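So you can see what is in the structure, the chains are spelled out below.
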Amino acid sequence: MSVQAPGTRWYNTVWRWHFYAGLLCIPFVLWLALTGSLYLWRPQVEAWLDQRFDHLATSAPARSPDAQVDAALRAVPGASLRSYVQPDAPGHAVRVIVTSGGVDTRVYVDPATLAVLHVAPEATRLFPLLSRLHGELLAGTIGSSIVEIAACWAVTMLLTGLYLWWPRARRGLGGVLYPRLRGGKRLFWRDLHATAGIWVSLFAIGLIVTGLPWANVWGSYLVEIRALTGTSNGPVDWTIGGKPPKPDPAADLHADHMGMAGMAGMMAQRSPAAPPGGDLSRVVLAARPLALAPPVLVAPPKTPGAPWKVSSDAADRPLRAEATIDGATGQILHRSDFAERHWIDRLIGYGIAAHEGALFGLANQIAGTLTALLLALLAGSGAVLWWRRRPVGLLGAPIPLKRPRYGPVLIGGIVALGLSMPLFGATLLLVLAVERLVLRNLRSPRKWLGLSRV
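Residues numbered from 1 in each chain as written. Predicted model: local features only at pLDDT ≥ 70, side-chain atom pairs only at ≥ 80, totals over all residues. Heavy atoms only, no water.

Colleague: Tell me about the overall build of the protein, and please be specific about residues and values.
Modeller: Scanning the protein from N- to C-terminus turns up 14 helices and 8 strands. Projected onto its principal axes, the C-alpha positions of the protein cover 100 × 50 × 40 Å. When burial is assessed residue by residue, the protein has 41% of its 454 residues classed as buried. Expressed as a percentage of contacts within the protein between residues at least 6 apart in sequence, the contacts between residues at least 24 apart total 63%. About 24800 Å² of surface is accessible on the protein, with carbon and sulfur atoms providing 66% of the total. For the protein, the distance from the average position of its 44 positive side-chain charges to the average position of its 27 negative side-chain charges is 22 Å. (Helix = DSSP H or I, 4+ residues; strand = E, 2+ residues; numbered from the N terminus. Buried < 20%, exposed > 50% of the residue type's maximum accessible area, 1.4 Å probe, protein only. Contact = heavy atoms within 4.5 Å. Areas by Shrake-Rupley, 256 points an atom, 1.4 Å probe, with all protein chains shown as cover. Lys, Arg positive; Asp, Glu negative; His and termini not counted. Charge placed at Lys NZ, Arg CZ, Asp CG, Glu CD.)

See the structure below:
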């Protein structure tokens, strides 16, 4: 009976975890790489899709924002205003987002003639749809949780892959930093897989971590942790599990109180005549000198008499800012910039902007696309390796050897991963429980899965 060296047993155990994690993650990695790389180019693609609405041939002066919104509301009977998107430049159509029955619709209006140029439900537009495909598989919170599980196990796949890649008494950089071309097909695919992994791992882990705030469980987990630790500072400005986060009643009450107090204080100082036009027109006029990064959204108050909200929805989140404006007077009541947010919100904002390819422009888009392509290459080459080496009638997991002894450092690392990524910890416990309690006495499934030799 041969005795395996501890190093051999460690390598075999890590390889097996890498195999199972990779087999789970391959289809999701390919899907997320495809949809994510497409989403990175949103600014250029949307500009191309909307070019017919941004080169309007008209010399007539623009009508008031109130009149433009009225035209949009007539196009969607029974709707109410959700937000008015300020045109970025002369000749651009006005985008008005209206809502009816819980469905948001984007209406394109010629600012001069008030002609309705196009009406499109927000959910059917290309990039909102692509976002839901990428993060939720069009399955809402359930789909978000499935993607989150795959993302968490992808971290395990990458970490174990780095251990397997680590050079052990190997000479030269062939097979370490670039694939060897003269060792046959099997060696080529092995090297391609290993070298793609080393070039992409750190960037891929960064992509996964910066995408977790959107995930259903991890995003909610973060909100709860921040509430318990007193580090929350108003509602987050990203969706969690495909849904907007729950509103912060305290923040809304504070904003309404501030607005009422500000308006009460201004009543005595108000000029005899308020600026002409409706509330929206006054708010839009007052917001222009703020020079917020486009697109700029103007949202009506939730309660009559409360301030209007003007906010930047820039993809580069560090450029975002928002203000509250009194619709009756056009008075700016409050402004809040990105730099004033809690450091956790700023850190997440930088991460989300980098994840979406918006933090440092074209270079960010190219870097994100290359990362996605390398991830797809990593998954594809892993699938080829598995398919070529799998025995007929078996899953093809590496042959199990005697399990090495787990030390406190490794156990502590696994516990830390489980606590930092709750769905990883939960599914890890589930996998171990199924192996020990369900598959323990089922010889055929254990053999097929590679959990035992016979």
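Colleague: I'd like a rundown of the pairing of strand E2 (residues 94-100), residues and numbers included.
Modeller: Across the 7 residues of E2, 6 count as buried, placing the element largely inside the fold. Note that strand E1 (residues 80-85) and E2 share 5 bridges and pair antiparallel. Residue pairing in the sheet places Leu81 in a bridge with Val98 of E2. One ladder, built from 7 bridges, connects E2 with strand E3 (residues 103-109); its direction is antiparallel. If you follow Ser100 over to E3, its bridge partner there is Val103. If you look at the hairpin formed by E2 and E3, you'll find 2 residues sitting between the two strands, and Gly101 has a positive phi there, around 60 degrees. (Pairing = 2+ DSSP bridges.)

Colleague: Talk me through the side chain of Asp110; I want residue IDs and the actual numbers.
Modeller: Mapped onto the elements, Asp110 comes out in the loop between E3 and strand E4 (116-121). Put simply, Asp110 is tucked away with no salt bridge, and the nearest opposite charge, on Arg63, sits 9.2 Å away. Among the polar contacts listed, one links the side chain of Asp110 to the backbone nitrogen of Thr113, at a separation of 3.2 Å. (Salt bridge = Lys/Arg side-chain N within 4 Å of Asp/Glu carboxyl O. Polar contact = N/O pair within 3.5 Å; in protein donor to acceptor, adjacent residues only side chain to side chain.)

Colleague: Describe the layout of surface pockets, with residues and values.
Modeller: The gaps left among the atoms become clear once a water-sized probe is rolled over them. Reported here for the second largest pocket is a volume of approximately 1400 Å³. Together, 40 residues line the second largest pocket, and Trp17, Tyr20, Trp153, Leu428 and Leu432 are the ones closest to its centre. Listing elements by their share of the lining of the second largest pocket, those giving two or more residues are helix H1 (6-39), helix H5 (140-165), helix H12 (408-420), helix H13 (422-438) and helix H14 (443-449). No other element matches the 10 residues that H1 contributes to the lining of the second largest pocket. When grouped by side-chain class, the residues that make up the lining of the second largest pocket number 27 nonpolar, 6 polar and 7 charged. (1 Å grid on protein atoms, 1.4 Å probe; cavity = no way out; pocket = protein on both sides within 12 Å on 5 of 7 lines; lining within 4 Å. Points joined across faces, edges and corners; volume = space filled by probe spheres on them. Nonpolar A, V, L, I, M, F, W, Y, C, P; charged D, E, K, R; others polar.)

Colleague: An account of the sheet that holds strand E7 (residues 321-325) is requested, with residue identities and associated values reported.
Modeller: Strands pair in a sheet through their backbones, by hydrogen bonds, and they do so in one of two ways: parallel or antiparallel. Overall, antiparallel pairing links the 8 strands, which are arranged E4-E3-E2-E1-E5-E6-E7-E8 in an open sheet. Of all strands in the sheet, those with a lone pairing partner are E4 and strand E8 (332-337), marking the two edges. For this sheet the average axis-to-axis angle between neighbouring strands, irrespective of direction, equals 20 degrees. When E7 meets E8, the two strands line up antiparallel, connected through 5 bridges. In the sheet register, Ala323 faces E8, and the bridge partner there is Arg335. Across the face of the sheet, helix H9 (residues 279-287) comes into contact with E1, strand E5 (296-299), strand E6 (308-312), E7 and E8 while running at roughly 40 degrees to E6. (Axes fitted to C-alpha atoms, helices over the stretch in contact; angles between N-to-C directions.)

Colleague: An account of the nonpolar core is requested, with residue identities and associated values reported.
Modeller: Side chains that are nonpolar tend, in soluble globular proteins, to be buried together. The biggest cluster of nonpolar side chains holds 33 residues, and the ones touching the most others in it are Met157, Leu158 and Trp238. Secondary structure elements with two or more residues in this core: H1, H5, helix H6 (185-211), helix H7 (216-229), helix H10 (343-355), helix H11 (361-389) and H13. Residues in contact with Leu158, not counting those within four places in the same chain, are Ser201, Ala204, Ile205, Ile208 and Leu378. (Core = buried A, V, L, I, M, F, W, Y, C linked by side-chain atoms within 4.5 Å.)

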